[in-house]
Amino acid sequence: MRNRVSAAKRRVMLGVVAAVGLLATGCAKQTFPQDALHPQGPYADKIDRLWRIVFVPAAIMFFLVMFLVLFVSFRYRARSDEDAPVQTHGNIKLELTWTIIPFILLLVIGVLTVKTVFDINKIPKGNVLPVTVTGHQWWWEYRYPTLGITTANELHIPTGKKVNVTLTSADVIHSFWPTELAGKVDAIPGRMNHLTLEAVKPGTYDGQCAEYCGLSHANMRLRVVAHSPSDFAAWAANQQKPAAIPTGTSDEAVGAGLFKSKGCSGCHTINGYSAGQVGPNLTHLETRKVFAGAIFPLDEQHLTRWLRNPPAEKPMMPQNGIGMPNLKLSDQEIASLISFLQTLH
Ligand SMILES: [Cu+2]
């Protein structure tokens, strides 16, 4: 008997701990970089507003139904075999009530949802910035057709301007989700999907591929960097310049030579120097703060480790032609390559 009581107590304690744990997640401060409940632009706002409106009746209904289920099961439970309830058939008033109230609720939610869906999917016209986003296993490519810029992993945009994103994929289905700026939209090979995003304040907004896409799906993050319009213009002007390739006998020049002789140039484009199409465009690599699907800070230490053995830093499948292979470079070669990469501003 004593044992059974303590087992029941333990179960209650477990329940209490689990409930407190769940409640404690509600105390989260707004310091998480990928908080979808912390909209930072008009498109994310529209989704957030709809969510808040739907959440209130949904929560009320949840607690009402749960309360009624528990109340009825305890209050009217069978106490003995003869204890049968009064048998009735039909109740016009009740049946009308539980048909009309949900009908009205669903109608309101439906109208607001459809309106929001149409609203955020409308292709913006006028003064917009078009960008084509291509998902790759496991990084993002960004092309600005009107500016002639190709870059990777960091999407730079001006504040206060609608960005008309065309989404597609080079391999499998990915999903582009800049959590604080827009909803998620699938990037599907052979299809062009649409997403509009806009940031109000300059800043860095992190996101994530939200569709399982293989081995390094969890390492396929993304970053949107919003600039004031004048900073964006300066960024774009710099991106449009071809790379200045070092010559002579300097370490940088040796690295530039290795970039071709070691085969980097077969996979990576450096405008004015190489035209590989497999990996990210490296023309202005040093203007990025993160690399490899926005998971590593772009500094000498991380680049060194990357060049020493990429699949050890980020799980990839170079044997199947996906990702960057280990090119078995010597420490000296890595150092020269990095001094070259560091000239790519
Ligand atoms: Cu993915």
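Residues numbered from 1 in each chain as written. Predicted model: local features only at pLDDT ≥ 70, side-chain atom pairs only at ≥ 80, totals over all residues.

1. Digging into the overall build of the chain
- Tallying secondary structure elements over the chain gives 9 helices and 14 strands in all.
- Relative to the 2.2 N^0.38 estimate, which gives 20 Å for 345 residues, the radius of gyration of the chain is 28 Å and therefore markedly larger than a compact globule would have.
- The buried share of the chain, reckoned over its 345 residues, is 27%.
- Looking at the chain alone, contacts between residues at least 24 apart form 66% of all its contacts between residues at least 6 apart. (Helix = DSSP H or I, 4+ residues; strand = E, 2+ residues; numbered from the N terminus. Rg over C-alpha atoms; globule rule 2.2 N^0.38 Å. Buried ≥ 20, exposed ≤ 12 C-beta atoms within 10 Å, placed from the backbone. Contact = placed C-beta atoms within 7 Å.)

2. Regarding the domain arrangement of the chain
- Considered domain by domain, the chain is made up of domain 1 (34–67 + 93–239) and domain 2 (251–341).
- Here domain 1 and domain 2 have C-alpha centroids that lie 31 Å from each other.
- The partner domain 2 presents 17 residues to the 18 residues of domain 1 that form the contact.
- Of the residues belonging to the side of domain 1 that touches domain 2, the class tally is 6 nonpolar, 8 polar and 4 charged. (Domains from an automatic or database assignment. Nonpolar A, V, L, I, M, F, W, Y, C, P; charged D, E, K, R; others polar.)

3. Brief notes about the environment of Phe-340
- Assignment of secondary structure puts Phe-340 in helix H9 (residues 331–341).
- Ignoring anything within four residues of it in the chain, the contact list for Phe-340 reads Pro-246, Glu-252, Gly-255, Ala-256 and Phe-259.

4. Focus on the sheet that holds strand S6 (residues 174–177)
- Strand order in the open sheet formed by 5 strands is S4-S10-S9-S6-S7, and the pairing between neighbours is mixed. Among the strands making up the open sheet, the edge pair consists of strand S4 (154–158) and strand S7 (185–187). Each strand axis lies, on average, 30 degrees off the axis of its neighbour in the sheet, ignoring direction.
- Across 6 bridges, the pairing between strand S9 (residues 203–209) and strand S10 (residues 221–227) is antiparallel. By the bridge assignment for S10, Tyr-205 is matched with Val-224.
- The strands touched by helix H4 (residues 229–239) within the sheet are S4 and S10, with S4 carrying the most contacts at an inclination of about 130 degrees. (Pairing = 2+ DSSP bridges. Axes fitted to C-alpha atoms, helices over the stretch in contact; angles between N-to-C directions.)

5. Thoughts on the packing of helix H2 (residues 42–75) against helix H3 (residues 92–121)
- Packing of H2 against H3 leaves a shortest axis separation of 10 Å and a crossing angle of 170 degrees. Taken together, the axes of H2 and H3 lie roughly antiparallel to each other. Seen from H2, the contacting residues are Tyr-43, Lys-46, Ile-47, Leu-50, Ile-53, Val-54 and Pro-57; seen from H3, they are Leu-105, Ile-109, Leu-112, Thr-113, Thr-116, Asp-119 and Ile-120.
- Here the contact of H2 with H3 is built from residues that sort into 10 nonpolar, 2 polar and 2 charged. (Parallel < 35°, antiparallel > 145°, perpendicular 65-115°, else oblique.)

6. Here we look at the sheet that holds strand S5 (residues 162–169)
- If you trace the 5 strands from one edge of the open sheet to the other, you get S3-S2-S1-S5-S8, paired in mixed fashion. Because the sheet does not close on itself, it has two edges, and the strands there are strand S3 (149–152) and strand S8 (193–197). Averaged over all pairs of adjacent strands, the angle between strand axes in this sheet comes to 25 degrees, irrespective of strand direction.
- Note that S5 and S8 share 5 bridges and pair antiparallel.

7. Remarks on the packing of helix H5 (residues 251–261) against H9
- One can describe the packing of H5 onto H9 by two numbers: an axis separation of 7 Å at closest approach and a directional angle of 100 degrees. Classed by the angle they form, the pair H5 and H9 counts as roughly perpendicular. Along the contact surface, H5 presents Asp-251, Glu-252, Val-254, Gly-255, Ala-256, Leu-258 and Phe-259, while H9 presents Glu-333, Ser-336, Leu-337, Ser-339 and Phe-340.
- Classifying every residue of the contact of H5 with H9 by side-chain character gives 6 nonpolar, 3 polar and 3 charged.

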